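# Architecture and fold: a report
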Amino acid sequence: MYEESGAYLISRSRRSKSTGRSGGGGGGRRSGGGRGAAGLLILVLLLLTAGICALVIFLPRLTGEEKSDAKAFGGKTFYMLSTGETDDFQTAAAYAKDAAGRGGAGYVYNDGSYHAIAAVYARESEAKALAAANENAYYFKFTFPSVSCGDNDRKALDCLCGEWFNAVYDACASLDRGLSSEAEADFAVRKANSKLRRFGAAAESTIVADAVDRACEYDMLDNMNRSVLSYLRFFTVRALVEVYTALTLGA
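### A few points about the nonpolar core
General note: in soluble globular proteins, nonpolar side chains tend to be found buried as a group. Phe142, Phe144, Trp164, Leu232, Leu240 and Val243 are the most contacted members of the largest nonpolar core, which totals 62 residues. A per-element tally of this core places helix α7 (residues 228-249) first, with 14 residues. If sequence neighbours within four positions are ignored, Trp164 has contacts with Cys159, Ala192, Asn193, Leu196, Phe235, Thr236, Ala239 and Leu240.

Shown next, in the form of structure tokens:
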């Protein structure tokens, strides 16, 4: 997806040419030539030593950068909990509305079939347990691919799939269990969103930067027909789908 750049070390050798004057004794010529040869040898040794030092200092760094760029973002698998699957959008919308009414995301995801997504989890055990506890529910894997990209792209993607997701998930879980207020959960998500947006703005790739920017679109006032818990879950799913779609389709 991204091109890699290489670094090259170019060594140059110099040939020193000495000139002599005619005249003087034979012994004088031998002495001057000996000093010149010794000086040339010392110069060559100094150049070789400098070259070896440069390789010792720079080569490991260059090698390390090339290795880190090979697969800068290692990918991530999430687990989508769905309350219904269908080929008909109106039916899927009805499933989604029902899920939203019970505090779920109510997001319609299309991967060739419509799925009414209730929530997304980082641990399969949670999705599996909730699928077993709810009639007609099921879960499926939602996997971000590994990609070769710039360091700032990697930071943005790692934040999305790590720190950002954990913060938003914890806010939803805490609100659902009555351990925090709606205002506290809303504030926690806004804080995590602000950090993710900064990472996205610094991304080298416009694909990653634009996708993260879209993922960070967050406005509670646009979703007054949902509960706060439902909106936070909807926002989580939509953000992941936005970036996933950009990485897989180049949108």
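### Some thoughts on the packing of helix α4 (residues 151-176) against α7
In contact at an axis separation of 9 Å, α4 and α7 are set at 165° when each is read in the N-to-C sense. Taken as axis vectors, α4 and α7 run roughly antiparallel relative to one another. Of the two possible hands of crossing, α4 and α7 adopt the one that is left-handed. Of the residues in α7, those in contact with Leu157, Leu160, Trp164, Phe165, Val168, Cys172, Leu175 and Asp176 of α4 are Val228, Leu229, Leu232, Arg233, Phe235, Thr236, Ala239, Leu240, Val243 and Leu247.

### Here we look at the packing of α4 against helix α5 (residues 182-201)
Where α4 meets α5, the axes come as close as 9 Å, and the angle between the chain directions of the two elements is 180°. On the basis of the axis angle, α4 is roughly antiparallel to α5. Contacts from Asn152, Lys155, Ala156, Cys159, Leu160, Glu163, Trp164, Ala167, Val168, Ala171 and Leu175 of α4 reach α5 at Glu182, Ala185, Ala188, Val189, Ala192, Asn193, Lys195, Leu196, Phe199 and Gly200. Across the contact of α4 with α5, the residue classes tally to 14 nonpolar, three polar and four charged.

### With respect to the pattern of salt bridges
This structure, assessed with the given rule, holds ten salt bridges. Across the salt bridge formed by Lys155 and Asp151, the nearest N and O atoms sit 3.5 Å from each other. Of the two residues, Lys155 and Asp151 both sit in helix α4, four residues apart, roughly one turn of that helix. Residue classification places Asp151 among the partly exposed residues on the basis of a relative accessible area of 38%. As a salt-bridge pair, Arg154 and Asp158 come within 3.2 Å of each other at their nearest N and O atoms. Of the two residues, Arg154 and Asp158 are both situated in helix α4; the distance of four residues between them amounts to about one turn of the helix. Take Arg154: its relative accessible area is 24%, and that puts it in the partly exposed class. Residues joined in a network through salt bridges with shared partners are Asp151, Arg154, Lys155 and Asp158.

### Focus on the confidence of the model for the chain
Caution applies to low-pLDDT parts of the model: their predicted coordinates are not meant to be read in detail. Model confidence for the chain is summarised by a mean pLDDT of 81, while 71% of its residues fall at 70 or above. Low pLDDT, under 50, characterises residues 54-70; the predicted model gives this stretch eleven contacts beyond four residues in sequence or across chains.

### Focus: a negative patch on the surface
Among the surface-exposed residues, Glu85, Asp87, Asp88 and Asp111 lie close enough to one another that they form a single negatively charged patch. Given the relative accessible area of 65%, Asp87 is considered exposed.

### Digging into the packing of aromatic side chains
The tally for this structure, following the rule as stated, stands at 17 aromatic pairs. With a centroid separation of 5.5 Å and an interplanar angle of 70°, the aromatic rings of Phe89 and Tyr114 are classed as edge-to-face. Highlighted residues: Phe89 in helix α2 (residues 89-101) and Tyr114 in strand β3 (residues 114-121), separated in sequence by 25 residues. Accessibility expressed as a relative area gives 41% for Phe89, which makes it partly exposed. With 4.9 Å between their ring centres and 75° between their planes, Tyr218 and Phe235 make a pair best called edge-to-face. On the criterion of sequence distance, the pair formed by Tyr218 in the loop between α6 (206-215) and α7 and Phe235 in helix α7 is long-range, its members being 17 residues apart. Residue Tyr218 is classed as buried on the basis of its relative accessible area, which comes to 14%.

Reading the values: the criteria
Residues numbered from 1 in each chain as written. Predicted model: local features only at pLDDT ≥ 70, side-chain atom pairs only at ≥ 80, totals over all residues. Heavy atoms only, no water. Core = buried A, V, L, I, M, F, W, Y, C linked by side-chain atoms within 4.5 Å. Buried < 20%, exposed > 50% of the residue type's maximum accessible area, 1.4 Å probe, protein only. Helix = DSSP H or I, 4+ residues; strand = E, 2+ residues; numbered from the N terminus. Contact = heavy atoms within 4.5 Å. Axes fitted to C-alpha atoms, helices over the stretch in contact; angles between N-to-C directions. Parallel < 35°, antiparallel > 145°, perpendicular 65-115°, else oblique. Left-handed = near helix turned anticlockwise from the far one by under 90°. Nonpolar A, V, L, I, M, F, W, Y, C, P; charged D, E, K, R; others polar. Salt bridge = Lys/Arg side-chain N within 4 Å of Asp/Glu carboxyl O. pLDDT = per-residue confidence, 0-100. Patch = residues over 30% accessible without salt bridge, like charges linked within 9 Å, V, L, I, M, F, W, Y side chains within 5 Å. Areas by Shrake-Rupley, 256 points an atom, 1.4 Å probe, with all protein chains shown as cover. Lys, Arg positive; Asp, Glu negative; His and termini not counted. Charge placed at Lys NZ, Arg CZ, Asp CG, Glu CD. Phe/Tyr/Trp six-rings, centres within 6.5 Å; stacked < 30°, edge-to-face > 60°.

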